[in-house]
Amino acid sequence: MDRVPVLRLGGLLLVSIQVDLEDSTALALQEDLSQAVVATGARGVLIDISGLEIVDSFVGRMLSTIAAVSRVLDAETVVVGMRPAVAITLVELGLDLAGVRTALDVERGMRVLGSTTAPRADGLPLAR
Amino acid sequence: MSARGGGDEVPIAADADVVRVRQLVRARAQAAGLGLVDLTKVVTAASELARNTLVHGGGGTARVEAVAGTTAGGRPRSGVRAVFVDAGPGIPDVRAALQDGWSSGTGLGLGLSGARRLVDEFDLTSGVGSGTRVVVVKWGR
Ligand SMILES: Nc1ncnc2c1ncn2[C@@H]1O[C@H](COP(=O)(O)OP(=O)(O)OP(=O)(O)O)[C@@H](O)[C@H]1O
Ligand SMILES: [Mg+2]
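Below, the structure is looked at part by part. (Residues numbered from 1 in each chain as written. Chains lettered and ligands numbered in written order. Predicted model: local features only at pLDDT ≥ 70, side-chain atom pairs only at ≥ 80, totals over all residues. Heavy atoms only, no water.)

Some remarks on the site of ligand 1
Move 1: If you check the shell around ligand 1, you find 20 residues, and the closest are Asn52, His56, Ser103, Ser104 and Gly109 of chain B.
Move 2: Lying at an intersection of chains, ligand 1 is approached by residues of chains A and B.
Move 3: Separating an oxygen atom of ligand 1 from a side-chain N or O atom of Arg61 of chain A is a distance of 3.3 Å.
Move 4: Side-chain polar atom of Asp86 of chain B to a nitrogen atom of ligand 1: 2.8 Å apart, as the coordinates give it.
Move 5: Within the complex, the protein chains bury 93% of what would otherwise be the 600 Å² of accessible surface of ligand 1. (Near = heavy atom within 4 Å. Polar contact = N/O pair within 3.5 Å; in protein donor to acceptor, adjacent residues only side chain to side chain. Areas by Shrake-Rupley, 256 points an atom, 1.4 Å probe, with all protein chains shown as cover.)

Right under this line is the structure:
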């Protein structure tokens, strides 16, 4: 089974899915990401799916779960790079990717995360 | 509609086989001249059905082949056909199973109903104790 690497970039975690995902690989990524969020204190997760030729119900559910788990762990998730044919298919399949924020490309995704994920004021009292 | 031979039959017994079915369907759809959107749709449908064969049917086989036919207007057209067969428990209530959101497990219940929307022809035969057979066809335009 392949594993999808999780990269750290400043306060963000970056995942670029470049392989046709086996279900077990998708589940492993889900776990790896939630562990990485906790281990790094990342406030944002950017998932680039421009390499994905299809998103079926399993991968769609993985994206929703990653977004939900990350949110509980105080991190925001943005999915970027969905191909137009994938978007059309997803809608016809009936998947709504509930709770998943999307952006067209990595740059825009970073901007979305930048505006919602101010760095944590670790240990410092919050000025109110 | 006629099969043009040279199809592939592969077992569906593990996660990796679902990936292989997707790749086979993609290659046949490409060879049949399907456009990118139609190709994406039929590969996605095949992925759902292959996973159902594995998860609900306890494993089985997929047959992927090129088909040739004619449009209503008499123009020749080519397409891809995928046949999923298992000897699992079968589906007690096919009508319910074909509804959006109906799942006997923890799934979203979109696999069957969604796959049906994504293809041009969809045929499901299932009997309790005698397994399940799903045939889908997607035509090039
Ligand atoms: N090959 C099969 N053998 C036995 N039962 C099946 C088979 N395919 C589908 N089913 C039944 O039909 C139901 C609906 O299938 P469908 O693919 O729509 O949903 P799901 O697999 O439960 O969830 P999802 O595909 O959205 O993750 C399944 O829950 C299962 O009970
Ligand atoms: Mg299913």
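As for the interface of chain A and chain B
Move 1: Of the residues lining the interface, 20 residues belong to chain A; the matching set on chain B comes to 23 residues.
Move 2: Taken together, both faces of the contact between chain A and chain B bury some 2,000 Å²; the carbon and sulfur share is 56%.
Move 3: Linking chain A to chain B there are six salt bridges.
Move 4: On the surface where chain A and chain B come into contact, there are twelve residue pairs in polar contact (both at pLDDT 80 or more).
Move 5: Listed by contribution, the elements that provide at least two residues to the side of chain A that touches chain B are α1 (23–40), α2 (57–72) and α3 (84–93) of chain A.
Move 6: When residues in the side of chain A that touches chain B are grouped by element, the largest group, six residues, is from α3 of chain A.
Move 7: For the side of chain A that touches chain B, the residue count by class is nine nonpolar, four polar and seven charged. (Contact = heavy atoms within 4.5 Å. Buried area = accessible area lost by both parts, 1.4 Å probe. Salt bridge = Lys/Arg side-chain N within 4 Å of Asp/Glu carboxyl O. Helix = DSSP H or I, 4+ residues; strand = E, 2+ residues; numbered from the N terminus. Nonpolar A, V, L, I, M, F, W, Y, C, P; charged D, E, K, R; others polar.)

Structural measurements only, silent on function.
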